[in-house]
Amino acid sequence: MTSDRNDLSTLGATALYVGALLGPSLLLLPGLAARAAGPASLLAWGGLLVLSGLIAIVFSRLGATVGSTSGVAGYAAAGLGPWAGRAAAWCFLGGVVTGAPVVCLIGGAYVAELLRAGHRTAFAAAGVLLVMVLAIRLAGARTGVRLQLVLVAVLVALVVLAVGGAAPSARSAYWHPFAPHGWGSIVRAASPLMLAFVGWEAAAPLTARLRNPRRQLPRVVGAAFAVTAVLYLALAAATVGVLGPRAGSSVPVAALLEVAVGESGRAIAAVGAVVLTLAATNAYLTGATAMASALWRPAGTGEKRPAGLVAAIAATGGLLLGLAGSGLVGTAQFVAVPTALFLAVYLGCMGAAVRMLRGPVRVAAVVACLAVVQLLLFSGWAALLAAAVAVTAAASGGVRRSVLQRGRGRGGRVMRDGA
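- Identification of the protein as APC family permease from Actinomadura violacea is taken from an unreviewed UniProt entry.
- UniProt, in the comment section headed Subcellular location (unreviewed entry), describes the protein in these words: "Cell membrane".

Right, dumping it as structure tokens:
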């Protein structure tokens, strides 16, 4: 995605931005939000869209100011010091590693829905998908940018078909009561939903490839924001208005497709979810191994795919899936782990932006920083886990200076391409 040439058109950049923002999490999160807050979950979506827009503005400026290849570690280090860069790097890596089984669970849930099986089947299928993608990762296969964009197009097509086909079946009665679990449930629903809005930090380095960034970037960011906002809100509204009592499903798109096209809708959703899961999880782990290699291997060595990291990912994924499958951890809490880690990354980058930037963008960074803190406070024990990772990393000396200067390398970019 990076290049020394200014060869990226406005349309191409918009497609890549959208590709960084959309992923399989869109197949799960509307149901989680509806389960937590009912129809009022749309207010959570709306509030996070505002926050997403602020973060987009800040990361775009950071990409132009700090450097096109600095990434989250470099952004945090530039504004707050090397300790913040280490914390951001490790939280980013932790978010990738713990996010992989979440993405696999999405595919597993749609497989279980197709088979009309219970939640244990969903977790078993998720484990199989994780094993498959780890095998692909050990073989060295990568998910290219063009393939990722094709997969994003598949996701968009699924959402459009589900929403458009099911919309005539919407009922106004399903919108009452509007906040069945109280107004505080809106904030509780917003925290795991933030996983759907992670991605702006990956797209910001594209500014180096725009022919005229000052003129093109506002159009690119505006168009990408509009596309994602429409898709998120349309799917969230259809989940509530069409599914009603079933809105809290872990497979809302399958339920909507079944309303739209009949029994075959579940099969369409399952096939799409599995393909998207395999590709997106491979992208997650490609980013994780690249970031870990940059963090761990001595300078000048050629080790790029440490088998030890793959084993650690398998162990982490197995533990998380086992806890969730046994009922000790709910799906929302399961999703909260990578979300809290990514929120910690955003907090570091927004804090750095407050120190480095000036004018309206600095105000946007301040507002975003406060909002991220609020979301972390509602993440519960997951926020404590993120804080432990950040503090441990900040106190360590494990990130080479070159990593903080380069920041992302290929790791952060590839991970978010379709995650």
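**Some points on the overall build of the protein**
Right, on to step 1. If you tally the helices and strands in the protein, you get 18 helices and 0 strands.
Right, on to step 2. In the protein, the share of contacts with a sequence separation of at least 24, taken over all contacts with a separation of at least 6, comes to 86%.
Right, on to step 3. Here the protein has roughly 15600 Å² of accessible surface; of this, 67% comes from carbon and sulfur atoms.

**Details of the environment of Ile 313**
Right, on to step 1. With respect to the element layout, Ile 313 can be found in helix α13 (residues 307-325).
Right, on to step 2. The exposure class of Ile 313 is buried, given its relative accessible area of 1%.
Right, on to step 3. Separated by 213 residues in the primary sequence, Ile 313 and Ala 100 place their C-alpha atoms 8.4 Å from one another.

**Describing a nonpolar patch on the surface**
Right, on to step 1. Judged by side-chain polarity, Leu 43, Phe 178 and Trp 183 come together as a nonpolar surface patch covering roughly 320 Å² of accessible area.
Right, on to step 2. Mapped onto the secondary structure, Trp 183 falls in the loop between α7 (145-166) and α8 (184-193).
Right, on to step 3. Its relative accessible area of 57% is what places Trp 183 among the exposed residues.

**Remarks on helix α4 (residues 71-80)**
Right, on to step 1. The buried fraction of α4 amounts to 8 of the 10 residues, a majority that puts the element mostly inside the structure.
Right, on to step 2. Those residues of α4 not exposed but buried are Gly 71, Val 72, Ala 73, Gly 74, Tyr 75, Ala 76, Ala 77 and Gly 79.

**Digging into the nonpolar core**
Right, on to step 1. Trp 45, Ile 55, Val 58, Phe 59, Tyr 110, Met 194 and Trp 200 are the most contacted members of the largest nonpolar core, which has 131 residues in total.
Right, on to step 2. Apart from the residues within four sequence positions on either side, Trp 45 is in contact with Leu 29, Pro 30, Ala 33, Leu 193, Ala 196, Phe 197, Tyr 232, Leu 233 and Ala 236.

**Some thoughts on the environment of Thr 281**
Right, on to step 1. If you trace the backbone, Thr 281 turns up in helix α12 (residues 264-296).
Right, on to step 2. Along the chain, Thr 281 and Val 103 lie 178 residues apart, while their C-alpha atoms are 6.5 Å from each other.
Right, on to step 3. Every residue in contact with Thr 281, bar those within four places of it in the chain, is listed here: Ala 100, Val 103, Cys 104 and Val 133.

**A word on the packing of aromatic side chains**
Right, on to step 1. Tallied over the full model, the rule gives 7 aromatic pairs.
Right, on to step 2. Joined through ring pairs, the aromatic side chains of Trp 45, Phe 197 and Tyr 232 make up one cluster.

**Comments concerning the environment of Ser 9**
Right, on to step 1. With respect to the helices and strands, the residue Ser 9 is situated in the segment before α1 (10-21).
Right, on to step 2. For the pair Ser 9 and Gln 216, spaced 207 residues apart in sequence, the C-alpha separation works out to 8.3 Å.
Right, on to step 3. Excluding anything up to four places from it in sequence, Ser 9 contacts Leu 210, Arg 211 and Gln 216.

Rules of the game
- Residues numbered from 1 in each chain as written.
- Predicted model: local features only at pLDDT ≥ 70, side-chain atom pairs only at ≥ 80, totals over all residues.
- Heavy atoms only, no water.
- UniProt positions renumbered as here; feature names shortened; annotations may be inferred.
- Helix = DSSP H or I, 4+ residues; strand = E, 2+ residues; numbered from the N terminus.
- Contact = heavy atoms within 4.5 Å.
- Areas by Shrake-Rupley, 256 points an atom, 1.4 Å probe, with all protein chains shown as cover.
- Buried < 20%, exposed > 50% of the residue type's maximum accessible area, 1.4 Å probe, protein only.
- Patch = residues over 30% accessible without salt bridge, like charges linked within 9 Å, V, L, I, M, F, W, Y side chains within 5 Å.
- Salt bridge = Lys/Arg side-chain N within 4 Å of Asp/Glu carboxyl O.
- Core = buried A, V, L, I, M, F, W, Y, C linked by side-chain atoms within 4.5 Å.
- Phe/Tyr/Trp six-rings, centres within 6.5 Å; stacked < 30°, edge-to-face > 60°.

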